[in-house]
Amino acid sequence: MKKKILVLGAGLVARPLVDYLLKQSDFFVTVASRTASKAEKLIASHPRGKALEVNVSEPTVLANLIVETDLVISLVPYTFHPIVAQACIQYKKPMITTSYVGDAMRSLDQEAKAAGIIILNEIGLDPGIDHMSAMKIIHRVKNRGGRVISFYSYCGGLPAPEANNNPFGYKFSWSPKGVLLAGKNSARYLKDGKEIFIPGPELFSHYWVVEIEGLGKFEAYPNRDSLPYIELYGLVGISSMCRGTLRNLGWCETFKKIVELGLLDDKELDNLRGLTYRDWLKNLLKQSNHTDLRSALADFLKLDKDSMIVRRLEWLGLLTDEPIGLEKGANIDILVKRMQEKMSYQPGERDMIVLKHEFIAEYPKESRKEKIESTLIDFGIPNGDTAMSRTVSLPAAIAAKLILTDKIKLTGIQIPVVSEIYEPVLAELETLNIVCKEKTIPLPEANF
């Protein structure tokens, strides 16, 4: 009898997951989405698939779907995951998400264990492949009698080099608002034994350059709170621990000024009807009568009017008389709309995923130290799946198969930091050409 899988959501990353599951002859896949046409496009009339129009906020509808399935994959916004999880617990159905575990989800651990089901989270790219590839190396170091004393991890979704053709060096392969909201987060990490905290408004003042072999230099800045990963990864006593985001050069200095302008503010405005981008910018600058808006913008930001940052904002169209075209919204919604119009991938363009780990490991019994680098570079397929969608959704799809074939038998709220999960998932990802390449560099004794 075929196993039934329910996929909730049909967004940007869902297609590779659905395609993978439909290729497994023992599975029947139902895709449920608020927009029926999106679900139908993913199923593409496959004989072992079905598309439904569903609102997950309707408890009865959700329950009726879950009770009839064998496993649920939730790709809807993360705020809905605990609601879906509670229904999965009630009907004893395992569940998978690619999102971070929040407090509401974490609180369901005992209930999930009592129901005998796994609720596997953070099984995407970042979080996901980053966890798995890191733990593979950390466990190997420990098994060889060593310990990790420094760990920096970086990840970024970026245009492939030939598609990097706008002044921002960025295009959107997932939720534009999600990208911008992440720029409001504070960050915390450990460097040389010292805890470093960066308030949200200062995030883009705190960055450094990272070299990726074969691709060149990128900017890196810390991503959220890295400290909980010290315990999670079993690295108590480590001197440096940081998880960071990668962007092309110039991103951080530009976004620092975007923050100063208030463009990430989320307080709803009530005066958007009929406004042009020029009107909006004048209001922000409090320069309603200034005839040279470019100079006014440069003065406000304490920049030369010919600086790259001013030129980037001008390229974006913020100084034009073009109507904003929104009835209501906040500054961040206006910026999202404009960036989505100007910074989306065009037909045939490829995106790129870059994930890099840098470890320093020491082996006291052997009196030696080494640097271990693990790098994943994946490119999208022209006019096909993006690298972002592949690397986010395929780990979840593989995990679904492993759970339904009893290869993963864990219960409770889990993330993929245990070998029972990461070993088979990473092994199958390699067959799909999603590979982390490792390099080990011996460090001189003087550094020990």
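That block above? That's the structure.
A word on the overall build of the protein chain. Each helix and strand counted, the protein chain has 16 helices and 16 strands in total. Against the 2.2 N^0.38 benchmark of 22 Å for 448 residues, the protein chain shows a C-alpha radius of gyration of 23 Å, consistent with a compact globule. Across its three principal directions, the C-alpha atoms of the protein chain cover 70 × 65 × 40 Å. Here the protein chain holds 448 residues, and 54% of them are scored as buried. Expressed as a percentage of contacts within the protein chain between residues at least 6 apart in sequence, the contacts between residues at least 24 apart total 68%. Total accessible area computed for the protein chain in this model is approximately 20200 Å², and 49% of it derives from carbon and sulfur atoms. Looking at charge distribution, the protein chain has the averaged site of its 57 positive side-chain charges lying 2 Å from that of its 55 negative ones.

The next thing to look at is unusual backbone geometry. Omega for the bond connecting Asp-126 with Pro-127 falls within 30 degrees of zero, at 15°, which places this linkage in the cis form. Backbone geometry at Asp-192 places phi at a positive 50°, although glycine is not the residue there. In this structure, Asp-192 sits in the loop between strand S8 (187-191) and strand S9 (194-198). Relative accessible area serves as the criterion here: at 62%, Asp-192 is assigned to the exposed category.

By volume, the second largest pocket is sized at about 520 Å³. Val-101, Arg-106, Glu-122, Tyr-229 and Leu-232 are, among the 19 residues lining the second largest pocket, the residues nearest its centre. At the level of elements, helix H5 (103-106), helix H9 (228-232) and strand S15 (412-414) are the ones that each hand at least two residues to the lining of the second largest pocket. Of the residues belonging to the lining of the second largest pocket, the class tally is 9 nonpolar, 3 polar and 7 charged.

Between two packed helices, the angle of one axis relative to the other and the distance separating the axes together describe the packing. One can describe the packing of helix H10 (residues 251-261) onto helix H12 (residues 293-301) by two numbers: an axis separation of 10 Å at closest approach and a directional angle of 95°. Relative to H12, H10 is oriented roughly perpendicular. Of H12, the residues touching H10 (which contributes Lys-257, Glu-260 and Leu-261) are Leu-297, Phe-300 and Leu-301. Looking at the contact of H10 with H12 residue by residue, the classes come out as 4 nonpolar, no polar and 2 charged.

Turning to the sheet that holds strand S6 (residues 118-120), a few remarks are in order. Spatial ordering of the open sheet is given by S3-S2-S1-S4-S5-S6-S15, a layout of 7 strands whose pairing is parallel. The sheet is open, and its two borders are formed by strand S3 (49-53) and S15, each paired with just one other strand. Averaged over all neighbouring strand pairs, the angle between strand axes comes to 20°, with direction disregarded. Across 2 bridges, strand S5 (residues 95-97) lies against S6 in parallel orientation. Counted as the bridge partner of Ile-96 is Leu-120 from S6.

With 15 residues, helix H7 (residues 129-143) should cover 21 Å at 1.5 Å per step; its first-to-last C-alpha distance of 21 Å lies within 8% of that length. Among all positions of H7, only Ile-129, Asp-130, His-131, Met-132, Ser-133, Ala-134, Met-135, Ile-137, Ile-138 and Val-141 are buried.

Turning our eyes to something else, we now look at the nonpolar core. With 94 residues, the main nonpolar core has Leu-21, Ile-73, Ile-96 and Tyr-233 as its most contacted residues. It is helix H15 (residues 387-404) that provides the largest number of residues to this core, a total of 12 residues. Leu-21 has contacts with Ile-5, Val-7, Phe-27, Val-29, Arg-48, Ile-73, Ala-397 and Ala-400, leaving out every residue within four places of it along the chain. Ala-160, Phe-218, Leu-319 and Leu-335 belong to the second-largest nonpolar core, a separate cluster that totals 57 residues.

The rules we used
- Residues numbered from 1 in each chain as written.
- Predicted model: local features only at pLDDT ≥ 70, side-chain atom pairs only at ≥ 80, totals over all residues.
- Heavy atoms only, no water.
- Helix = DSSP H or I, 4+ residues; strand = E, 2+ residues; numbered from the N terminus.
- Rg over C-alpha atoms; globule rule 2.2 N^0.38 Å.
- Buried < 20%, exposed > 50% of the residue type's maximum accessible area, 1.4 Å probe, protein only.
- Contact = heavy atoms within 4.5 Å.
- Areas by Shrake-Rupley, 256 points an atom, 1.4 Å probe, with all protein chains shown as cover.
- Lys, Arg positive; Asp, Glu negative; His and termini not counted.
- Charge placed at Lys NZ, Arg CZ, Asp CG, Glu CD.
- 1 Å grid on protein atoms, 1.4 Å probe; cavity = no way out; pocket = protein on both sides within 12 Å on 5 of 7 lines; lining within 4 Å.
- Points joined across faces, edges and corners; volume = space filled by probe spheres on them.
- Nonpolar A, V, L, I, M, F, W, Y, C, P; charged D, E, K, R; others polar.
- Axes fitted to C-alpha atoms, helices over the stretch in contact; angles between N-to-C directions.
- Parallel < 35°, antiparallel > 145°, perpendicular 65-115°, else oblique.
- Pairing = 2+ DSSP bridges.
- Expected span 1.5 Å × (residues − 1).
- Core = buried A, V, L, I, M, F, W, Y, C linked by side-chain atoms within 4.5 Å.

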